[in-house]
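# Observations on the model geometry
Single-letter residue listing:
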Amino acid sequence: MDNINALLRELPSVDRLMRESLLEDLQLKLPRRVVLQAVQETIDTYRSYITSNASDQSLLPQTGDLHPANLAQEALVLAEKKAGMNLKPLVNATGIIIHTNLGRAPLSEQAVKALTDIAANYNNLELSLENGKRGSRQEHLESLLCEISGAEAAIALNNNAAAVFMALNALAGGLEVVVSRGQLVEIGGSFRIPEIMAASGAKLVEVGTTNKTYLRDYEAVVNENTAAFLKVHTSNYHMVGFTAEVETSELAGLAHKHNLLLIEDLGSGVFLDLEKYGLPPEPRVQDSVSAGADLVTFSGDKMLGGPQCGIIVGREDLVARIRKNQLARAMRVDKFTIAALEATMRLYLDEEKAIREIPVWRMLTAEPALLEERAKTLASRFAEIAGSANISVVRGVSKVGGGALPTAELPTYLVVVKPMEVKAERVVENLRLNNPPVILRLQHDMLLFDPRTVFEDQEDILVQALKKAYQD
Ligand SMILES: *Cc1c(COP(=O)(O)O)cnc(C)c1O
């Protein structure tokens, strides 16, 4: 016990630590309160460590460990961590292109430039430069969205959940909306078709079965309270076996025969022909529009490759009703989103440019031969810094992620690192805590790096991060 008390007495005071030259210098750079907090936490951590290990001499700090210079160094590391941003860029080595936990689509250079230009300056968000009168923020986007989708009108809202909600609320509030039982999906935990429908004030009428729904199932429930059919793209799961779904064009035909609307939630916002690039097909926005869907909704930050938002394209009179709805303002997009989305949509005016400049599409269409070359280069650089590990390059698969093409497997080459002297979990944790963090896959005690989602200018960062993660 005497020993414990002696150790506790040896702990420097907060004032004493704050006067360490290391921390005095740090206060010129970081706010004093941050340094103070770090110092207090460092001392508290030592104090509780000492008291909770009182019974085991071998775990206790040795004389000298508690020297102010040592604690100041620890407080400095903690203070720098506290002063850093909570939300920060990281390296995605998982090979999952659209990863909701990792912020979905990274933006193109063009979108980033548009975003920062608008953020730092006044702009014509709601001013018509033609006549000097008040303009609409949606006008910056509408003609582009219409040109690319072939629709008459368009509006962007906060996200696709908001887009679906608004379409239902504005056009089917208090009325019935018919959905196939095979399409009552949940996306990302909090977007569930039955719940969104209930919140919007529309009444869900389920038809068909889990695996098969026919046109006659829809027709059988139509009555004077029916407002619309809602077709939902089952974007994050795939059914195999005996299945039947009604095509957009057929469903549109039936809806229009009964003077009803067809609303289609596509989820992802694809404008390009995936099959042309050897990928499995995904419905395109312009195809749904031309097949007769009255409104089509999709996300901006999934395969579209733009900022978070939800886009509705379709009939002018229907979009006008959504625009006029009071809730549209609660869900409206801000100037940053408009800037980034406009710049992204402009890239779609030229397909080659879209593929080259939009990171999501560059990653989707990356050539396996190039991925193999990058994997091999990374592997040999890794071998130089983690000599004891077993390092190889193997064939593997990347995923699209983000509720799109759930079963698509994009062939890739993975760098596999099997640590021998350190625990793989430990290296993964160190990489996650690195600055910038590196996120990767861990499988059977092996670290898997997929070059597909690592930008080429992040390769040095990756090598440095692994080097540090190995040493710590
Ligand atoms: C992702 C998705 C949503 C939700 O979109 P958010 O932009 O995340 O709100 C809705 N419906 C479908 C079919 C989706 O795939």
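Bear in mind the structure is a predicted one, so any value in this text is a computation, not a measurement.

Following the sequence through the fold, Arg-321 ends up in helix α13 (residues 316-324). Considering only alpha carbons, one finds Arg-321 and Tyr-218, 103 residues apart in sequence, at a separation of 25 Å. If sequence neighbours within four positions are ignored, Arg-321 has contacts with Ala-170 and Leu-171.

Spatial ordering of the open sheet is given by β3-β11-β10-β9-β8-β4-β7, a layout of seven strands whose pairing is mixed. Either end of the sheet is taken by a strand with one partner, and the two such strands are β3 (153-157) and β7 (203-207). The average angle at which neighbouring strand axes cross in this sheet is 20°, direction not considered. As judged from the five bridges shared by strand β4 (residues 176-180) and β7, these two strands associate in the parallel manner. Bridge pairing in β7 places Glu-176 opposite Lys-203.

This part takes up the packing of helix α7 (residues 139-149) against helix α15 (residues 335-347). Contact geometry of α7 with α15 gives a least axis separation of 10 Å together with a crossing angle of 30°. In terms of orientation, α7 lies roughly parallel with respect to α15. Seen along the crossing, α7 lies across α15 with a hand that is left-handed. Residues His-140, Leu-141, Leu-144, Leu-145 and Ile-148 of α7 form the contact with α15, whose own contacting residues are Ile-338, Leu-341, Glu-342, Met-345 and Arg-346.

So, on to the sheet that holds strand β16 (residues 446-449). The strand order across the open sheet formed by five strands is β2-β12-β13-β16-β15, and the pairing between neighbours is mixed. Where the open sheet ends on each side, the last strands, each with one partner, are β2 (96-98) and β15 (441-443). The mean inter-strand angle of the sheet, taken between neighbouring strand axes irrespective of direction, is 35°. Taken together, the nine bridges between strand β12 (residues 390-401) and strand β13 (residues 410-418) define a ladder with antiparallel strand orientation. Counterpart to Val-393 in the pairing with β13 is Val-415. Docked against the sheet, helix α19 (residues 424-433) engages β15 and β16, running at close to 40° with respect to β16.

With that out of the way, let us pick up the site of the ligand. Around the ligand, a shell composed of Arg-104, Asn-159, Asn-160, Ala-161, Ile-187, Phe-191, His-233, Ser-235, Asp-265, Gly-267, Ser-299 and Lys-302 is seen. Note that an oxygen atom of the ligand is positioned 3.0 Å from one of the side-chain N or O atoms of Arg-104. Separating an oxygen atom of the ligand from a backbone N or O atom of Asn-160 is a distance of 3.0 Å. Those elements that provide at least two residues to the shell around the ligand are α8 (160-172) and β9 (261-267). Its residues placed into classes, the shell around the ligand shows three nonpolar, six polar and three charged.

Before going further, it helps to examine the domain arrangement of the protein chain. On domain assignment, one finds that the protein chain holds domain 1 (2-83), domain 2 (91-100 + 363-471) and domain 3 (109-357). The centre of domain 2, based on its C-alpha atoms, is set 34 Å off from the matching centre of domain 3. At the junction of the two partners, domain 2 supplies twelve residues and domain 3 supplies 15 residues. At the boundary of domain 2 with domain 3, total buried surface from both sides reaches about 1000 Å², with 76% on carbon and sulfur atoms. Counting the contacts that link domain 2 with domain 3 gives zero salt bridges. Where domain 2 meets domain 3, there are zero residue pairs in polar contact (both at pLDDT 80 or more).

We now examine the environment of Ala-120. Of note, Ala-120 is situated in helix α6 (residues 109-120). Classification of Ala-120 by relative accessible area gives exposed; the value is 64%.

Here we take up the packing of α19 against helix α20 (residues 459-471). Close contact between α19 and α20 brings their axes to 9 Å; oriented N to C, the two are set at 125°. Relative to α20, the element α19 is oriented oblique. When the axes of α19 and α20 are compared, the crossing they make is right-handed. Contacts between α19 and α20 involve Val-427, Asn-430 and Leu-431 from the first element and Ala-465, Leu-466, Ala-469 and Tyr-470 from the second. Residue composition of the contact of α19 with α20, by class: six nonpolar, one polar and no charged.

A separate point is the packing of aromatic side chains. Aromatic ring pairs are defined here through the distance separating the ring centres and the angle between the ring planes. Under the criterion given, the structure shown has four aromatic pairs. Summarising the aromatic geometry, the rings of Phe-271 and Phe-298 are spaced 5.7 Å apart at their centres and angled 85° between planes, so their arrangement reads as edge-to-face. Here Phe-271, found in the loop between β9 and α12 (285-290), pairs with Phe-298, found in strand β10 (residues 295-299); they are 27 residues apart in sequence, far enough to count as distant. With respect to class, Phe-271 is no different from Phe-298; both count as buried. An aromatic cluster of at least three residues, connected via ring pairs, comprises Phe-271, Phe-298 and Tyr-348. The side chain of Arg-216 reaches across the aromatic face of Tyr-214, ending 4.4 Å from its centre.

Attention now goes to the pattern of salt bridges. Inspection of every chain in the model, using the stated rule, returns 26 salt bridges. Notably, a salt bridge pairs Asp-294 with Arg-315, separated by 3.3 Å at the nearest N-O pair. Of the two residues, Asp-294 is situated in the loop between α12 and β10 and Arg-315 in the loop between β11 (310-314) and α13; the sequence distance between them amounts to 21 residues. By relative accessible area, which is 4% here, Asp-294 ends up buried. Where salt bridges share partners, they join Glu-126, Arg-134, Arg-137 and Arg-332 into one cluster.

Definitions and limits used
- Residues numbered from 1 in each chain as written.
- Predicted model: local features only at pLDDT ≥ 70, side-chain atom pairs only at ≥ 80, totals over all residues.
- Heavy atoms only, no water.
- Helix = DSSP H or I, 4+ residues; strand = E, 2+ residues; numbered from the N terminus.
- Contact = heavy atoms within 4.5 Å.
- Pairing = 2+ DSSP bridges.
- Axes fitted to C-alpha atoms, helices over the stretch in contact; angles between N-to-C directions.
- Parallel < 35°, antiparallel > 145°, perpendicular 65-115°, else oblique.
- Left-handed = near helix turned anticlockwise from the far one by under 90°.
- Near = heavy atom within 4 Å.
- Polar contact = N/O pair within 3.5 Å; in protein donor to acceptor, adjacent residues only side chain to side chain.
- Nonpolar A, V, L, I, M, F, W, Y, C, P; charged D, E, K, R; others polar.
- Domains from an automatic or database assignment.
- Buried area = accessible area lost by both parts, 1.4 Å probe.
- Salt bridge = Lys/Arg side-chain N within 4 Å of Asp/Glu carboxyl O.
- Buried < 20%, exposed > 50% of the residue type's maximum accessible area, 1.4 Å probe, protein only.
- Phe/Tyr/Trp six-rings, centres within 6.5 Å; stacked < 30°, edge-to-face > 60°.
- Lys NZ or Arg CZ within 6 Å of the ring centre and 35° of its normal.

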